[in-house]
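The residues making up each chain are set out below.
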Protein chains: 2
Amino acid sequence: MFTDEYFMKMALQEAQSAFEKDEVPIGCVIVGNNRVIAKAHNLTEALNDVTAHAEMQAITAAANFLGGKYLQNCTMYVTLEPCVMCAGALNWSQISKVVIGARDEQRGFINKALTLHPKTEIVLGVLENECSIIVKEFFKSKR
Amino acid sequence: MFTDEYFMKMALQEAQSAFEKDEVPIGCVIVGNNRVIAKAHNLTEALNDVTAHAEMQAITAAANFLGGKYLQNCTMYVTLEPCVMCAGALNWSQISKVVIGARDEQRGFINKALTLHPKTEIVLGVLENECSIIVKEFFKSKR
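In every chain, residue numbers begin from 1 and rise along the written sequence. For this description, chains carry letters from A and ligands carry numbers from 1, given in the order in which they are written. Where totals are concerned, whole chains, interfaces and linings use all residues; where local detail is concerned, this predicted model gives features only for residues with pLDDT of at least 70, and gives and counts side-chain atom pairs only at 80 or more. The side-chain figures draw on all heavy atoms in the structure; neither hydrogens nor water molecules are used.

Peer 1: Go over the relation of the copies chain B and chain A, please, and point to the residues and values.
Peer 2: At an RMSD of 0.0 Å, chain B and chain A line up after a rotation of 180 degrees and a shift of 0.0 Å along the axis. Look at the turn and shift together and you get a two-fold axis relating the two. By C-alpha distance to the rotation axis, the residue of chain B lying nearest is methionine 85 of chain B, at 2.0 Å. Any two residues whose heavy atoms approach within 4.5 Å at even a single point are treated as in contact. Looking at the interface residues of chain B, 100% of them are also at the interface in chain A, so both copies use one shared face. The copies are overlaid by a least-squares fit using only the C-alpha atoms of residues whose pLDDT is at least 70 in both copies.

The following block contains the structure:
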């Protein structure tokens, strides 16, 4: 039951919430022991804050929940490949695993030759199509 | 009067506040029209949050003050070279200028071959010695 697809669907629901608020539709959840301990979606417009990416909010919320700043034994499911800022935050968090939906060739961290923490496993392409389509639809609606 | 050294001294006072709270002593201020619109120091321990770097807090505070998420026509003075996360946030903010005290060869963004926004001017080495010494003193006290 608790597959990568299961949790990525929850991240996609977060992305959908962002879409409905006219925010770039990116969502994420953080899971520890098969339990969702944080979920968030992009809120840069609502909060007027470039740092309010889904991942940043979720990292802060998960650390609050755990009472500690390191996210060892946690997995982040995120619909779009994290940007440089979010990859930097994930690196500091020492999170165990990051599962990514769609790639972001232009703004994602991978093509900047950045790496996450040595302890962090990265899984790419889970529900890639759905994660990609929602972003494309959003920007199509903006043109 | 409103020289780079003047504002870097304020950033150093922020770093000193961090030091007194047993936080890694890094401070920053953001200035618009020669007026300080945000100041912050590292609070990762107090807040149990890896994202609570001085720069991240100051970017959020400055955007709040301005009522807009872009920091055009603003300058950040920061005592230590920003990390990957903070450089990513500065990039999104489109800030006009970043004045850096001491380099951070190991964790700073420059040696990761990252750049800030094309519109962002970078100035290095303002009060470099003072900015470097406070960090070295902190880690010496931890050994």
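After that view, the rundown keeps rolling.
Peer 1: Can you explain the environment of glutamate 81 of chain B? Please cite residues and give values.
Peer 2: All names here are of chain B. Think of it this way: any DSSP run of H or I at least four residues long counts as a helix, any run of E at least two long counts as a strand, and we number them from the N terminus. When you line up the elements, glutamate 81 lands in the loop between β3 (74–80) and α3 (84–93). Placed 78 residues apart in sequence, glutamate 81 and threonine 3 show a C-alpha to C-alpha distance of 19 Å. The residues contacting glutamate 81, other than those within four sequence positions of it, are Ile100, Ala102, Arg103, Asp104, Glu105, Gly108, Phe109, Ile110 and Asn111. Contacts described as polar in this section are N or O atom pairs within 3.5 Å, which, within protein, must combine one atom able to donate a hydrogen with one able to accept it, while residues neighboring in sequence count only if both atoms come from side chains. At 2.9 Å, the side chain of glutamate 81 and the backbone nitrogen of isoleucine 110 are in polar contact.

Peer 1: Outline the sheet that holds strand β2 (residues 35–41) of chain A, listing residues and values.
Peer 2: Residues and elements named next belong to chain A. Any two strands between which DSSP finds at least two bridges are classified as paired. The sheet built from five strands is open, its strands ordered β2-β1-β3-β4-β5 with mixed pairing. Lying at the two open borders of the sheet, with one neighbouring strand each, are β2 and β5 (121–124). Direction aside, neighbouring strands of the sheet carry axes that sit 15 degrees apart on average. Between the N-to-C directions of two axes lies an angle of 0 to 180 degrees, each axis being a line fitted to C-alpha atoms and, for a helix, fitted only over the stretch in contact. Together, β1 (27–32), β2 and β3 (74–80) form the strand contacts of helix α2 (residues 54–66), whose direction differs from that of β2 by roughly 145 degrees.

Peer 1: Any chance you could break down the packing of aromatic side chains for me, citing the residues and the numbers?
Peer 2: The rule is short: rings of Phe, Tyr and Trp, with Trp giving its six-membered ring, pair when the centres are within 6.5 Å, and they are stacked under 30 degrees, edge-to-face over 60, tilted in between. Considering all chains together, one arrives at 12 aromatic pairs over all chains under this definition. Between tyrosine 6 of chain A and phenylalanine 7 of chain A, the aromatic rings sit 5.0 Å apart at their centres with planes inclined by 80 degrees, giving edge-to-face as the arrangement. Relative accessible area serves as the criterion here: at 30%, tyrosine 6 of chain A is assigned to the partly exposed category. Exposure classes here rest on a 1.4 Å probe applied to the protein chains alone. A residue is buried below 20% of its type maximum, exposed above 50%, and partly exposed in between. Classification of phenylalanine 7 of chain A as buried rests on a relative accessible area of 1%. For the ring pair phenylalanine 7 of chain B and tyrosine 77 of chain B, a centre distance of 5.3 Å and an interplane angle of 35 degrees mean the geometry is tilted. A residue pair is termed long-range when its members are at least 10 positions apart, and phenylalanine 7 of chain B in helix α1 (residues 4–20) and tyrosine 77 of chain B in strand β3 qualify at 70 residues. Accessibility classification places phenylalanine 7 of chain B together with tyrosine 77 of chain B in one group, the buried group. Among the aromatic side chains, those forming a connected cluster through ring pairs are Phe2, Tyr6, Phe7 and Tyr77 of chain A.

Peer 1: Break down the interface of chain B and chain A for me, citing the residues and quoting the values.
Peer 2: A common way to express how large an interface is: the accessible area buried when the components associate. Each side of the interface is counted separately: chain B has 25 residues, and chain A has 25 residues. Both faces combined, the contact of chain B with chain A buries some 2,100 Å², and carbon together with sulfur accounts for 67% of it. The term buried area denotes the loss of accessible surface (1.4 Å probe radius) that occurs when two parts are joined, taken as the sum for both partners. The largest share of the area that chain B buries against chain A comes from Val50, Lys69 and Trp92 of chain B, three residues that together contribute 33% of it. Salt bridge, as used here, is a side-chain nitrogen of Lys or Arg placed within 4 Å of a carboxyl oxygen of Asp or Glu. Seen at the junction of chain B and chain A, the total is two salt bridges.

Peer 1: I'd like a rundown of the UniProt feature "domain: CMP/dCMP-type deaminase" (unreviewed entry) in chain A, residues and numbers included.
Peer 2: Following the UniProt record, the feature "domain: CMP/dCMP-type deaminase" (unreviewed entry) maps to residues 2–112 of chain A here. The span residues 2–112 of chain A is 36% helical and 23% strand by assignment, and the distance between its end C-alpha atoms comes to 32 Å. UniProt positions are given in the numbering used here, feature names are shortened, and annotations may be inferred rather than shown by experiment.

Peer 1: Go over the environment of alanine 61 of chain B with me, naming the residues and quoting the values.
Peer 2: Residues and elements named next belong to chain B. Here alanine 61 lies in helix α2 (residues 54–66). Through-space distance from the C-alpha of alanine 61 to that of valine 135 is 24 Å; in sequence the pair is 74 residues apart. Not counting the four nearest positions on each side in its chain, alanine 61 is found in contact with Ile37 and Ala38.

Peer 1: Describe the UniProt feature "active site" (unreviewed entry) in chain A, listing the residues and the values that go with them.
Peer 2: Residues and elements named next belong to chain A. With numbering matched to this structure, UniProt assigns "active site" (unreviewed entry) to Glu55. Here glutamate 55 shows up in helix α2. Apart from the residues within four sequence positions on either side, glutamate 55 is in contact with Cys28, Met76, Val78, Leu80, Pro82, Cys83 and Cys86.

Peer 1: Which residues make up the sheet that holds β3 of chain B, and what are the values?
Peer 2: Residue and element names in this part refer to chain B. Ordered in space as β2-β1-β3-β4-β5, the five strands form an open sheet in which the pairing is mixed. Each having just a single partner strand, β2 (35–41) and β5 (121–124) make up the two edges of the open sheet. Sheet twist, expressed as the mean angle between neighbouring strand axes with direction ignored, is 15 degrees. As paired strands, strand β4 (residues 97–102) and β5 are joined by four bridges and run parallel to one another. From the neighbouring strand, isoleucine 100 faces β5, where its bridge partner is leucine 124. In this fold helix α4 (residues 128–142) packs onto β3 and β4, with an angle of close to 60 degrees to the strand it touches most, β4.

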